[in-house]
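Observations on the three-dimensional arrangement
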Amino acid sequence: MKIAIYGAGSLGTVLGAYISKAGVDIDLITRNKDHVDAMNENGAHIIGTVDMTVPVHALTPDQLTEKYDLIILMTKQLDNKNILENLKKNMNEGCIVCTMQNGLPELSVSEVVGEDNTMGCSVAWGATLHGHGVSELTSEPDSLSFGLGRMNGQIDDKLMEVKKILELMCPVEVEENFMGVRWSKLLINSAFSGMSAVMGGTFGDAAERKDSRVCCQGIIKECIDVAKAAGIKIEPVQGKDIVKLLDFKGPIKKKISNFLIPICIKKHRLLKASMLQDLEKGRKCEIDAINGVVCAYGKKFGVPTPYNDMVCRIVHGIEDGKYTYSFDNVKLFAALNK
């Protein structure tokens, strides 16, 4: 297979390094020319919970001449339609687009390339870009995993080929209820990426502080309630039934749920949300594709989502210069936490 990662930022650099290290040819594509030049000259340097430098082949979108059988899509999903329309000339017949984007990106991808050529992959690890050619893996090596599937749950030869490629980095679980897997990741991202962006801290900061943990708990509860109303079964994460662990009705289960939150996120406590990384660089982020999706589903199915609404309001306020990412923003949730 001729393979490319389109959007080789923090996560894509790490994945590309692992695949390249295994001896498989893969192109790492990003608009960041300095990042491309550094990787081609010095290799992809992965730091953090591992330390390795791997020779890779990187290029910018304007340097594309090849046609691919598999494109792993890791850009922000703000402009999926235009990106994929422009990439059509670089797709072989039957080219698979495997989206590793946050939220529920399979819908927009399939509108361009068709459902048969669309796969989705949830990413259960994190990374942070540290300058040109350097990316930090922020999750423990024994906690890395992917969840791979199709929108209709079909398992076929092409899916298994993609599975083999991704297993060069870490275990891959093929998911029949893939949209349920997507909601598992959406729950985690809404709570911890959302609060990371609001607070300007890590997942661990959001989970360990008592005041922000209550906000995380409120976001998680809303995700669970919205998914139930939509008839979506949220799948376990790395063997842990997060709904059973974190859902609650009475005060006792609510206290247990609150206690478990920092334990559940412990192996990913150093992860810094990509949304926060965008805000730090003065860019628009994917808040509407993460917490905003929960709000949209909540409106559709009649489930209130005040915590997710507040996260969206604060993050858009940061984008507009009304707020800055700060621990003080947790005070804006005070009325909801009573």
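None of the values given here were measured: they were computed from a predicted structure.

1. Remarks on helix 10 (residues 251–264)
With 14 residues, helix 10 extends 20 Å from end C-alpha to end C-alpha; this agrees with the ideal 20 Å at 1.5 Å per step. Three or more residues of helix 10 are buried, namely Ser-257, Asn-258, Leu-260, Ile-261 and Pro-262. In the core, the buried residues of helix 10 are packed alongside helix 6 (178–199), helix 7 (203–208), helix 8 (210–229) and helix 9 (242–246).

2. What to know about the pattern of salt bridges
Enumeration over the complete set of coordinates arrives at 18 salt bridges. Close ionic contact of Lys-2 with Asp-27 constitutes a salt bridge, the shortest N to O distance being 4.0 Å. Here Lys-2, found in the segment before strand 1 (3–6), pairs with Asp-27, found in strand 2 (residues 26–29); they are 25 residues apart in sequence, far enough to count as distant. Judged by its relative accessible area of 26%, Lys-2 falls in the partly exposed class.

3. Digging into the sheet that holds strand 5 (residues 57–59)
In spatial order, the strands read 5-2-1-6-7-8-11-12; together these 8 strands make up an open sheet with mixed pairing. Across the chains shown, the open sheet's two edge strands, defined by having one partner strand only, are strand 5 and strand 12 (172–174). Adjacent strand axes in the sheet meet at a mean angle of 25 degrees, parallel and antiparallel pairs treated alike. Note that strand 2 and strand 5 share 3 bridges and pair parallel. Each residue of the ladder has a partner; that of Leu-28, found in strand 5, is Ala-58. Strand contacts of helix 1 (residues 10–21): strand 1, strand 2, strand 6 (68–73) and strand 11 (146–149), with the helix running at about 165 degrees to strand 2, the strand carrying the most contacts. Against the sheet, helix 4 (residues 106–113) engages strand 6, strand 7 (91–99) and strand 8 (118–123), with an angle of about 155 degrees to strand 8.

4. Regarding the sheet that holds strand 3 (residues 44–48)
The 4 strands are arranged 4-3-10-9 in an open sheet whose pairing can be described as mixed. Edge positions in the sheet fall to strand 4 (52–54) and strand 9 (127–129), since each has one partner strand and no second. The sheet shows a mean angle of 25 degrees between the axes of neighbouring strands, taken without regard to direction. Relative to strand 10 (residues 134–137), strand 9 runs antiparallel, the two sharing 3 bridges. Within the sheet, the bridge partner assigned to Leu-129 lies in strand 10 and is Ser-135.

5. Let's talk about the environment of Thr-65
Secondary-structure assignment places Thr-65 in the loop between strand 5 and strand 6. Separated by 112 residues in sequence, Thr-65 and Asn-177 place their C-alpha atoms 36 Å apart.

6. A closer look at helix 12 (residues 291–301)
Helical periodicity: at 3.6 residues per turn, an α-helix aligns residues three or four positions apart in one direction. Looking at helix 12, one finds that the buried residues are Asn-291, Gly-292, Val-293, Val-294, Cys-295 and Gly-298. Buried residues in helix 12 make contact with helix 6, helix 8, helix 11 (274–280) and helix 13 (306–319).

7. With respect to the side chain of Glu-136
Among the structural elements, Glu-136 can be located in strand 10. The buried charged residue Glu-136 lacks any salt bridge, with Lys-272 as its nearest oppositely charged partner at 8.2 Å. With residues up to four places along the chain from it excluded, the contact list for Glu-136 reads Ile-47, Gly-48, Gly-126, Ala-127, Thr-128 and His-130.

8. Let's talk about the side chain of Thr-13
With respect to the helices, strands and loops of the structure, Thr-13 is situated in helix 1. Among the residues examined, Thr-13 registers a relative accessible area of 0% and is labelled buried. Only 3.3 Å separates the side chain of Thr-13 from the backbone oxygen of Ala-8, close enough to count as a polar contact. Within the local environment of Thr-13, its side chain forms a polar contact with the backbone oxygen of Gly-9, the two atoms lying 2.5 Å apart. Excluding residues that lie within four positions of it along the chain, Thr-13 makes contacts with Ala-8, Leu-28, His-35, Met-39, Ala-44, Ile-46, Leu-129 and Ser-135.

9. Some thoughts on the packing of helix 6 against helix 12
Helix packing for two helices is described by the angle between their axes and how far apart those axes are. Orientation of helix 6 relative to helix 12, taken along the N-to-C sense of each, is 120 degrees, at an axis distance of 9 Å. Judged by residue contacts, Trp-183, Leu-186, Ser-190 and Gly-194 of helix 6 engage Asn-291, Val-293, Val-294 and Tyr-297 from helix 12. Counted by class, the contact of helix 6 with helix 12 contains 5 nonpolar, 3 polar and no charged residues.

10. A closer look at the environment of Asn-308
Among the structural elements, Asn-308 can be located in helix 13. Taking the C-alpha atoms as reference, Asn-308 lies 9.2 Å from Val-293; in sequence the two are 15 residues apart. With near-sequence residues (within four places) excluded, Asn-308 lies in contact with Ser-190, Ile-219, Glu-222, Cys-223, Asn-291, Val-294 and Cys-295.

How each quantity is defined
- Residues numbered from 1 in each chain as written.
- Predicted model: local features only at pLDDT ≥ 70, side-chain atom pairs only at ≥ 80, totals over all residues.
- Heavy atoms only, no water.
- Helix = DSSP H or I, 4+ residues; strand = E, 2+ residues; numbered from the N terminus.
- Expected span 1.5 Å × (residues − 1).
- Buried < 20%, exposed > 50% of the residue type's maximum accessible area, 1.4 Å probe, protein only.
- Contact = heavy atoms within 4.5 Å.
- Salt bridge = Lys/Arg side-chain N within 4 Å of Asp/Glu carboxyl O.
- Pairing = 2+ DSSP bridges.
- Axes fitted to C-alpha atoms, helices over the stretch in contact; angles between N-to-C directions.
- Lys, Arg positive; Asp, Glu negative; His and termini not counted.
- Polar contact = N/O pair within 3.5 Å; in protein donor to acceptor, adjacent residues only side chain to side chain.
- Nonpolar A, V, L, I, M, F, W, Y, C, P; charged D, E, K, R; others polar.

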